[in-house]
Amino acid sequence: MSTQAAPKPNQDDYKLKDTKPELGERWPHGGQRGGTGWIYSERATSTYDLVEQMFYLYVRVEKAKDLPPNPVTGNVDPYVVVKVGNYKGKTRHFEKKTNPEWKQVFAFSKDKVQSSVVEVKVKYKERVTRDEHIGKVEFDMHEVPTRVPPDSPLAPQWYRLEKKSGGIKVRGEVMLAVWIGTQADEAFPEAWHSDSATVKGEGVYNIRSKVYVNPKLWYLRVNVIEAQDVEPQDKSQPAQVFVKAQVGQHVLKTKLCPTKTRNPMWNEDLVFVAAEPFEEQLVLTVENKSTPAKDEVVGRISLPLNKFEIRLDHRPIHSRWYNVERFGFGVLEGDKRNEHKFSTRIHLRVCLEGAYHVLDESTMYISDTRPTARQLWKQPIGILEVGILSAQGLQPMKTSDGKSSTDAYCVAKYGQKWVRTRTVTESFNPKWNEQYTWEVYDPCTVITFGVFDNCHLGGGSQQSTSGSGAKIDSRIGKVRIRLSTLEMDRIYTNSYPLLVLRSSGLKKMGELQLAIRFTCLSFAHIIYLYGHPLLPKMHYLHPFTVSQLDNLRYQATNIVAVRLGRAEPPLRKEVVEYMLDVDSHIWSFRRSKANFFRIVSLFSGLISMSKWLGEVQKWKNPVTTILVHVLFFILISYPELILPTIFLYMFLIGIWNFRLRPRHPPHMDTKLSCAEAALPDELDEEFDTFPTSKAQDVIRMRYDKLRSVGGKIQTVVGDIATQGERFHALLSWRDPRASFLFVIFCLIAAVALYVTPFKIVASVVGIFWLRHPRFRSKLPTVPSNFFKRLPSRADSML
C-alpha cells in the first residue's frame, strides 16, 4: 500500500521578503524630541534608528533600611516583589539583614501591561508558613516619568513602606527608581524582563543579551632545527629520534630523523594556534624510536609562550639553543637534582606570527581579514549597523511539561565581535529590537546570523522535538550577508527565511527580520582595497599548506569555542561551531551534486551562444546572418578593432544589466543547494556519523575512504564553480562597486585601444608577460586580487 506524498511547500516561503517596520525613535508625548513623534535621519546621534522602538516600565530596587523583625520568628529575611498586572518579579532574599542591598532592575513590556498601578512589596522569607508581608509602595502608571537618553539615569529615592491594606505607614524604607524608557536604556541588558518571567534561578543569567569578543589568536611557529648529544637509555645503540611538540591539547611531531645519530637534524616547522592570555606552555619532548612499536622519552622541556619573539614581517628571527631535561631527572633522583649534569640541547627558532590572520572560519564566509598584531591594522573604511528586529512563525523546538514551546535568541558574528540577543521565552514570534554596530575594514566580508532555541533556562524537564537527548541549544536557522552586495548608506529591511536541513528533509523554521545599513567612511579606500589581496601579504609570501590550514582552523575553532564557553553567560560550543561552519568540509552527496549543477549552469551561456551561431549558420534569420558577415569581414580587414570591440561590448552589457541588478542581499537558495530535491538515501548519508555507523567492517572502511576522497573532490568542484561565478559577477552588479570599477575600466580600455595601434598594444602585453623574474612580485597582481574579491553564489549555499 503506497503512502500519499507530502505536499510540496510554497516556493515563496523560501524567498526573501520586503518589510516596512516603523524604525526610529518615537515618543508618545512629542514635544522637543520630535514634534510629530518621529526623529528623522538628520539626528545623527541616534543609536537605535534601525529597530522598532519598544517601551518598558523600569523599576530599580536599590536597597532598604530599618526593616522590622518578624514578630513570630524574630528574623529579618527580606526580599522584594515588583508586581505590575499579571507580571511579577522577585529579588533575591537576604538572611538576617535589616539593611539589605539588592541593586536589581525590572523591565516590564509596556505593550503587555494591563494594570495602571505598580506595586513594590517587601516581604519576609519563611521556610514553613506563607511569606509574611512587611510593607509596600504603590505608583500610578500615569505619573511615572519618561526618561529620554542621553539624559542621566533617574536618581532613586527613599519611600516609606505602607501596610498591605494601605494608607498607614509602617517602619522601614525602601529606595526605588521608577521610569518609562526604551531598549536604549542603559539598564536594559541587565534587567529582569517580563518577556521571560517564567525563568527562575540560574536560568536568568542565560537570557540576557551580551556582546562577546573573540580571543586574540596567534600562529605559533616552532622551527625544530637540530639537537645535540642525544643519549638513549640503551647507550650501545645510536638514537633515531623525533621531536613531539604540544600546546594545550594539540600535538604535532617532526619526521623521524632518517639516520641514527646523537646529533639529529630536522629543520621542520610545526605551527600551532595560541590565544591570549597565554595559559598553556610549549612542551617539547625528544623521543627515541627504540623499537618499531615503542618510543622512549629522552628529554623534555617546557617553555612559556609569552617569552617568544613576535614577528611582524617575513624577516627571520634569531634561533636559540635550549637545554633539555632528562626524562625523570629531578623527580626520581631526589637530592641529585641540583647537581650539574651533562644535558641534551635542542636548537629552535620559535616566534609568534603577528602578520598572519588566524583563520577560524571558512575563507568563503570570512568576516575579518586583519593580521593579529594591532600595529598592522589600517583605519576602518565603513560602519555596519544591524537591527535584529524579530522572528516570525518559529516552529516548536521542545516540549516542557506537555506543552510545546520555543525560547529563541539570535547570535550575530562579524569580525572579532559576537553579539547575542536576549532570550524571549515561550514565543513563536519573538521581538528583540536590538541594534549593534561593527567597524568594517574590508567590504568583501560576510556577517552571519544564527537563531537558536535556548535549552538552559532551568525549570521543569524539557524534551527536544528533534529527538536529541542531549541538552544543547537547537539550531533554528542561519543567514549570511556579504557586505559588498550592499549599497552604501541604504537601509535594507528584509525578512529572511530560516532553513534547516535535517535527515527528514528541508524544513522552514520561520523568518528572521533584519534592518541593515552599511555606511561608507572612505570611498577611495574601498576602491583601493579592490586591488589588494584579501588576506595579509604573509599568507602569500610564506603560505601554509592545505593540510596545515585545515589543522590550524580546527585548532582555532576549538580554542574559540572553549574560551566563549567560559563566558557568563556562555556562548556554547554547538552555537560557535554552527556559526563557524565547522562541518562544511564533510562529504555530502547533496553538496557535491549542487556544486556540479553550479558548474553546469555556468556553461549555459556558452551553450546558448553555440545555438545562436548554429542559427546564424543555417540562415534562420537572414538579416542577422548578413550583419554577422559584415562584422566578420570588418574584423578580418582591421584586426586591431577586435579587442576594443570586445571591451565596448562588455561595457554595453554592463550598462544594460544595471537596470536588472539585484535589489536585495543574497539569501539561502534551496534550489541552488539541491535541498528540496534531496533523496532520503542522500540525506541519510549526509547525516550519517563519521566514521559511518553501518554494520559491516569492510563496508565501513570503504565507505569512509569514499567519503574522504569525495570531500576533497567536492571542495575542488566548489572552488571551480566559485571562480566561474566570480567571472559572471563582473557585469551582474551583485557587487555594485566592483561592477562599477570593471565597467569604467572597460570604457577606458575600449577608448585607449581604439586610439592606440594594435601592434604597440600587443608588443607591450607580450613584453610585460615575458618580463624577467627579477621584476616580478610574489604578491598577487591587481587583476587577480580584484577577481578574488568578487562575490560568488557560495554565500547562498546551505
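Residues numbered from 1 in each chain as written. Predicted model: local features only at pLDDT ≥ 70, side-chain atom pairs only at ≥ 80, totals over all residues. Heavy atoms only, no water.

**Describing helix H5 (residues 589–602)**
For the α-helix, the turn length of 3.6 residues means that residues three or four positions removed from each other point alike.
Now for step 1: Its 14 residues place the ends of H5 20 Å apart at the C-alpha level, agreeing with the 20 Å of an ideal helix rising 1.5 Å per residue.
Now for step 2: Along H5, the residues that are buried comprise Arg 590, Arg 591, Ser 592, Lys 593, Ala 594, Asn 595, Arg 598 and Ile 599. (Helix = DSSP H or I, 4+ residues; strand = E, 2+ residues; numbered from the N terminus. Expected span 1.5 Å × (residues − 1). Buried < 20%, exposed > 50% of the residue type's maximum accessible area, 1.4 Å probe, protein only.)

**Side note on the packing of aromatic side chains**
Now for step 1: Tallied over the full model, the rule gives 19 aromatic pairs.
Now for step 2: With centroids separated by 5.7 Å and ring planes inclined at 85°, the aromatic side chains of Phe 452 and Tyr 578 adopt a geometry described as edge-to-face. Taken together, the residues Phe 452 in strand E27 (residues 446–453) and Tyr 578 in helix H4 (residues 573–579) connect sequence positions 126 residues apart.
Now for step 3: Members of the aromatic cluster, joined through ring pairs, are Tyr 56, Tyr 58, Trp 179 and Phe 188.
Now for step 4: The ring of Trp 158 carries Lys 65 above its face, with NZ or CZ at 4.4 Å from the centroid.
Now for step 5: Looking at Arg 420, its charged tip hangs above the ring of Tyr 409, at a distance of 4.4 Å from the centre. (Phe/Tyr/Trp six-rings, centres within 6.5 Å; stacked < 30°, edge-to-face > 60°. Lys NZ or Arg CZ within 6 Å of the ring centre and 35° of its normal.)

**A short note on the sheet that holds strand E31 (residues 505–520)**
Now for step 1: Spatially, five strands are ordered E1-E30-E31-E21-E26 in an open sheet, and the strand pairing comes out antiparallel. Every interior strand has two partners, whereas the edge strands, strand E1 (17–18) and strand E26 (431–440), have only one.
Now for step 2: Sheet analysis places strand E30 (residues 491–502) next to E31, joined by twelve bridges and oriented antiparallel. Counted as the bridge partner of Arg 502 is Gly 505 from E31. (Pairing = 2+ DSSP bridges.)

**Structural notes on the pattern of salt bridges**
Now for step 1: Going through the model one piece at a time under the given rule, you end up with 35 salt bridges.
Now for step 2: Of the charged contacts in the structure, one is a salt bridge between Arg 221 and Glu 353, with a shortest N-O distance of 2.6 Å. Linking Arg 221 in strand E12 (residues 217–228) with Glu 353 in strand E20 (residues 344–353), this pair joins segments that are 132 residues apart in sequence.
Now for step 3: Accessibility expressed as a relative area gives 1% for Glu 353, which makes it buried.
Now for step 4: One salt bridge connects Lys 403 with Glu 426, and the closest N-O pair in it is separated by 3.9 Å. You can see Lys 403 sitting in strand E23 (residues 403–405) and its partner Glu 426 sitting in the loop between strand E25 (417–420) and E26, a full 23 residues away along the chain.
Now for step 5: Sharing partners across several salt bridges, the network here consists of Arg 221, Asp 269, Arg 311 and Glu 353. (Salt bridge = Lys/Arg side-chain N within 4 Å of Asp/Glu carboxyl O.)

**Some remarks on helix H8 (residues 642–658)**
Now for step 1: Taking 1.5 Å of rise per residue, 17 residues should cover 24 Å, and H8 covers 25 Å from first to last C-alpha, within 8% of that figure.
Now for step 2: When H8 is considered as a whole, its buried residues turn out to be Pro 644, Phe 647, Phe 651 and Gly 654. Projected onto a plane normal to the axis of H8, the buried residues spread over an arc of 85° and lie on a single side. Seen from the open side of H8, the exposed residues pointing more than 90 degrees away from its buried face are Tyr 649 and Trp 656.
Now for step 3: Contact partners of the buried residues in H8: helix H11 (736–755). (Arc of directions from axis to C-beta. Contact = heavy atoms within 4.5 Å.)

**So, the sheet that holds strand E24 (residues 408–414)**
Now for step 1: The sheet built from five strands is open, its strands ordered E11-E25-E24-E27-E29 with antiparallel pairing. One side of each edge strand has no neighbouring strand; the edge strands of this open sheet are strand E11 (210–213) and strand E29 (474–482). Averaged over all adjacent pairs, the angle separating strand axes in this sheet is 15°, with direction ignored.
Now for step 2: Examined bridge by bridge, E11 and E25 share four bridges and lie antiparallel to one another. Looking at the pairing, Lys 210 lines up with Arg 420 of E25. (Axes fitted to C-alpha atoms, helices over the stretch in contact; angles between N-to-C directions.)

**Quick word on the pairing of E30**
Now for step 1: Counting buried residues along E30, ten of its twelve residues qualify, which places the element largely inside the surrounding structure.
Now for step 2: Note that E1 and E30 share two bridges and pair antiparallel. For Asp 18, the partnering residue across the bridge sits in E30 and is Asn 494.
Now for step 3: Linking two consecutive strands that pair antiparallel, namely E30 and E31, is a turn of two residues.

**With respect to the side chain of Ser 362**
Now for step 1: With respect to the helices, strands and loops of the structure, Ser 362 is situated in the loop between E20 and strand E21 (382–392).
Now for step 2: For Ser 362, a relative accessible area of 14% translates into the label buried.
Now for step 3: Apart from residues lying up to four places away in sequence, Ser 362 is in contact with Arg 553 and Leu 580.

**Focus on the pairing of E25**
Now for step 1: Direction of pairing for E24 relative to E25: antiparallel, over a ladder of four bridges. Residue pairing across strands places Ala 412 opposite Val 419, the latter belonging to E25.
Now for step 2: The hairpin formed by E24 and E25 contains two residues between the paired strands, and Gly 415 there has a positive phi angle of roughly 65°.

**Thoughts on a positive patch on the surface**
Now for step 1: Among the surface-exposed residues, Lys 88, Lys 90, Lys 125 and Lys 200 lie close enough to one another that they form a single positively charged patch.
Now for step 2: Within the element layout of this structure, Lys 200 appears in the loop between strand E10 (192–193) and E11.
Now for step 3: With a relative accessible area of 58%, Lys 200 lands in the exposed category. (Patch = residues over 30% accessible without salt bridge, like charges linked within 9 Å, V, L, I, M, F, W, Y side chains within 5 Å. Areas by Shrake-Rupley, 256 points an atom, 1.4 Å probe, with all protein chains shown as cover. Lys, Arg positive; Asp, Glu negative; His and termini not counted. Charge placed at Lys NZ, Arg CZ, Asp CG, Glu CD.)

**Remarks on unusual backbone geometry**
Now for step 1: Residue Pro 277 follows Glu 276 across a cis peptide bond; omega there is -10°.
Now for step 2: Following Glu 568, the chain continues to Pro 569 via a peptide bond in cis, the omega torsion being 0°.
Now for step 3: Assignment of secondary structure puts Pro 569 in the loop between helix H3 (546–565) and H4.
Now for step 4: Positive phi outside glycine occurs at Asn 433, with the angle close to 50°.
Now for step 5: Here Asn 433 lies in strand E26.
Now for step 6: For Trp 733, which is not glycine, the phi dihedral falls at a positive 65°.
Now for step 7: In this structure, Trp 733 sits in the loop between helix H10 (697–728) and H11.
Now for step 8: On the basis of relative accessible area, Trp 733 is assigned to the buried category, the value being 8%.

**With respect to the packing of helix H6 (residues 604–617) against helix H7 (residues 622–637)**
Now for step 1: The interhelical angle for the contact between H6 and H7, taken along N-to-C directions, is 100°, at an axis separation of 8 Å. For the element pair H6 / H7, the angle class is roughly perpendicular. Residues Trp 612, Glu 615 and Val 616 of H6 pack against Thr 624, Thr 625 and Val 628 of H7.
Now for step 2: Of the residues contributing to the contact of H6 with H7, the split by class is three nonpolar, two polar and one charged. (Parallel < 35°, antiparallel > 145°, perpendicular 65-115°, else oblique. Nonpolar A, V, L, I, M, F, W, Y, C, P; charged D, E, K, R; others polar.)

**Describing the side chain of Asp 360**
Now for step 1: As for its position among the elements, Asp 360 is in the loop between E20 and E21.
Now for step 2: Of the side chains bearing the opposite charge, Lys 413 lies closest to the buried Asp 360, which forms no salt bridge; the N-O distance is 4.3 Å.
Now for step 3: Of note is the side chain of Asp 360, whose polar atom sits 3.0 Å from the side chain of Asn 214.
Now for step 4: Residue contacts for Asp 360: discarding those within four places in its chain leaves Asn 214, Leu 217, Lys 413, Arg 553, Ala 556, Thr 557, Val 560 and Leu 580. (Polar contact = N/O pair within 3.5 Å; in protein donor to acceptor, adjacent residues only side chain to side chain.)

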